[in-house]
Amino acid sequence: MNFITVDQKDAMLSFKKQLHYLAILSLLFLFSCQSEVEEQVYNTQATITKSSPLTTYLQRVAMVKTIEDNLIDNSSYCTIKFPYKVTVNNVVISINSSADYQKVLDNINAFPNDNDIVRITFPVTMVYYNYVEKVISSQPEFESLLSYWANEPDLLSKINCLNINYPITINIYNSANQVASSVQIKNDSSFFSFINNLKENQFIALSYPISITDNNNKVTAIANNSQLENAIKYAIDNCKENTNPAIDFITTLTQGVWRVSYFYDDFERTSLYNGYEFIFKKDQTVIATKLGISVSGQWETKINNGLREFKVNFSPDLLHQLDEDWKVFEFNNSQLRFRKEGGSNDNHYLYFEKK
């Protein structure tokens with residue numbers, strides 16, 4: 001079980017106090033006053049870690065936008081760096097910006113009986129979702145790259161229609177050496193890299209307020225983690241670039257074997273379900289199996305006020321802890337993500353990943 005140790009708890013409490021009084025107290029004074037720190041209550045909504053749901057969503061907000069050119073490269077793991085050229089139906093099209101993707105689409109739709117093959121003029125530079133760049137020199141090399149990505153799980157791709165207005169400041173606390181610091185982030189690539197390089201023993205807190213801009217250029221002030229997560233959830237649900245109507249939730253749920261990849265209820269409890277495999281059947285039963293021992297339960301889902309709800313019911317105490325009135329946060333062919341909003345912004349999370 002991933003219980004928080006006494007030392008880690010003291011460290012996190014100390015960090016919260018440091019954040020609150022940073023303008024008027026020195027770090028030395030903060031970390032010497034242990035008796036005062038122990039009286040404080042650690043607020044999980046103020047600080048987050050590398051594995052916290054909000055951290056992973058923020059990284060996807062900062063991720064490279066890769067889906068716009070899928071009609072050309074057929075992959076959400078990468079995009080082709082401007083400028084480059086393609087040939088469609090014997091017409092050479094220069095791609096200098098995202099606006100030129102429409103020229104490709106128009107040519108594809110111009111004739112109903114042609115083959116509509118999009119041929120890329122090599123070499124081109126591919127930019128991966130994580131900002132890594134690679135020069136691709138030929139069609140065989142390109143096809144090899146696509147084959148590589150095809151063997152990876154479906155990517156939960158960039159969260160579009162929400163842009164962070166930089167710079168932002170992030171406060172960092174390392175529980176291993178009790179060192180506090182801060183860093184200013186100036187763009188998406190720096191933010192993605194910062195999250196990617198976080199250590200498990202580091203706790204971070206965004207310095208609020210920050211502001212975000214949606215795809216209609218509306219600027220919104222964000223005052224805390226809860227508001228930021230809700231804004232991200234709104235973007236996932238309402239931005240067409242973030243949704244795939246071709247994927248049906250029930251069909252996805254009832255295909256394959258699933259495992260719990262993340263479970264948070266007051267604290268992270270994922271390890272409780274290591275080794276369990278879940279099969280959701282179309283008759284709304286669910287089988288959980290570990291070490292050859294199977295337990296049966298039931299599942300149900302419905303749409304309520306435009307939101308998909310999901311509930312699972314088990315009798316054994318351990319599996320019974322999964323019984324919540326979950327809301328579907330997002331899903332694709334290989335991942336299911338649920339959230340339940342708790343009191344005082346104490347959200348619960350349940351993630352499944354296809355085995």
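Right above here is the structure, for reference.
Cut-offs applied
- Residues numbered from 1 in each chain as written.
- Predicted model: local features only at pLDDT ≥ 70, side-chain atom pairs only at ≥ 80, totals over all residues.
- Heavy atoms only, no water.
- Helix = DSSP H or I, 4+ residues; strand = E, 2+ residues; numbered from the N terminus.
- Buried < 20%, exposed > 50% of the residue type's maximum accessible area, 1.4 Å probe, protein only.
- Contact = heavy atoms within 4.5 Å.
- Phe/Tyr/Trp six-rings, centres within 6.5 Å; stacked < 30°, edge-to-face > 60°.
- Lys NZ or Arg CZ within 6 Å of the ring centre and 35° of its normal.
- Core = buried A, V, L, I, M, F, W, Y, C linked by side-chain atoms within 4.5 Å.
- Salt bridge = Lys/Arg side-chain N within 4 Å of Asp/Glu carboxyl O.
- Disulfide = S-S within 2.5 Å.
- Pairing = 2+ DSSP bridges.
- Axes fitted to C-alpha atoms, helices over the stretch in contact; angles between N-to-C directions.

J.: Outline the overall build of the protein chain, listing residues and values.
T.: Helix and strand counts for the protein chain stand at eleven helices and 21 strands. Counting over 355 residues, the protein chain shows a buried share of 42%. The contacts of the protein chain with a sequence gap of at least 6 include a subset with a gap of at least 24, amounting to 55%.

J.: I'd like to hear about the packing of aromatic side chains, residue by residue, with values.
T.: Following the criterion strictly, the structure yields 27 aromatic pairs and no others. Geometrically, the ring pair formed by Phe-249 and Phe-338 is edge-to-face, given 6.2 Å between the ring centres and 85 degrees between the ring planes. On the criterion of sequence distance, the pair formed by Phe-249 in helix 10 (residues 249-253) and Phe-338 in strand 20 (residues 335-340) is long-range, its members being 89 residues apart. Here the two residues Phe-249 and Phe-338 agree in accessibility, since each one is buried. Considering the side-chain rings of Phe-278 and Phe-314, the 6.2 Å spacing of their centres and the 65 degrees angle between planes classify their relative orientation as edge-to-face. Note that Phe-278 is positioned in strand 15 (residues 277-280) and Phe-314 in the loop between strand 18 (307-313) and helix 11 (317-320), a separation of 36 residues in sequence. Summarising the burial analysis for this pair, Phe-278 and Phe-314 share the class buried. Looking at Lys-233, its charged tip hangs above the ring of Phe-329, at a distance of 5.0 Å from the centre.

J.: Give me the nonpolar core: which residues, what numbers.
T.: Where a protein is soluble and globular, its nonpolar side chains tend to be buried together. Formed by 34 residues in total, the largest nonpolar core has its most connected members in Leu-58, Ile-170, Phe-191, Phe-194, Leu-228 and Ile-232. Among the elements that line this core, the one with the most residues is helix 9 (residues 225-238), at five residues. When near neighbours in sequence (up to four residues on either side) are disregarded, Leu-58 contacts Ile-164, Phe-191, Ile-195, Leu-206, Leu-228 and Ile-232. Of all hydrophobic cores here, the second largest spans 24 residues; its members include Phe-249, Val-260, Val-328 and Leu-350.

J.: Could you give me a rundown of the pattern of salt bridges, with the residues and numbers involved?
T.: The full count for this structure, using the stated rule, is 14 salt bridges. With a closest N to O distance of 3.7 Å, Glu-68 and Lys-65 form a salt bridge. Here Glu-68 falls in the partly exposed class, since its relative accessible area comes to 35%. The partner of Glu-353 in a salt bridge is Arg-259, with the nearest N and O atoms 2.7 Å apart.

J.: Any chance you could break down the side chain of Thr-55 for me, citing the residues and the numbers?
T.: Structurally, Thr-55 is set in helix 4 (residues 53-61). Judged by its relative accessible area of 1%, Thr-55 falls in the buried class. When near neighbours in sequence (up to four residues on either side) are disregarded, Thr-55 contacts Ile-48, Thr-49, Lys-50, Ile-195 and Leu-198.

J.: I'd love a proper account of the state of the cysteines, names of residues and values included.
T.: According to the stated counting rule, one finds one disulfide in the structure shown. Sulfur-sulfur distance for the disulfide between Cys-161 and Cys-239 comes to 2.0 Å. Across the disulfide from Cys-161 to Cys-239, rotation about the S-S bond amounts to roughly 45 degrees, and the bridge is consequently right-handed. Of this pair, Cys-161 sits in the loop between helix 7 (139-150) and strand 7 (162-164) while Cys-239 sits in the loop between helix 9 and helix 10, and the two are 78 residues apart along the sequence.

J.: Give a description of the environment of Glu-324 that names residues and reports values.
T.: Within the secondary structure layout, Glu-324 lies in the loop between helix 11 and strand 19 (326-331). For Glu-324, a relative accessible area of 10% translates into the label buried. In sequence terms Glu-324 and Lys-340 are 16 residues apart; their C-alpha atoms lie 7.5 Å from each other. Non-local contacts of Glu-324, meaning those with residues more than four positions away in its chain, are made with Asp-265, Phe-310, Lys-311, Val-312, Lys-340 and His-348.

J.: Describe the sheet that holds strand 3 (residues 91-95), listing the residues and the values that go with them.
T.: Read across the sheet, three strands follow the order 3-2-4 without closing on themselves; strand pairing throughout is antiparallel. Edge strands, defined here as strands with exactly one partner in the open sheet, are strand 3 and strand 4 (118-120). The mean angle between the axes of side-by-side strands here comes to 30 degrees, regardless of whether they run parallel or antiparallel. Of the strand pairs in this sheet, strand 2 (residues 84-88) and strand 3 are connected by five bridges, and their pairing is antiparallel. By the bridge assignment, Tyr-84 is partnered in strand 3 with Ile-95. Helix 6 (residues 101-110) rests against strand 2, strand 3 and strand 4 of the sheet, and its axis sits at about 160 degrees to strand 3.

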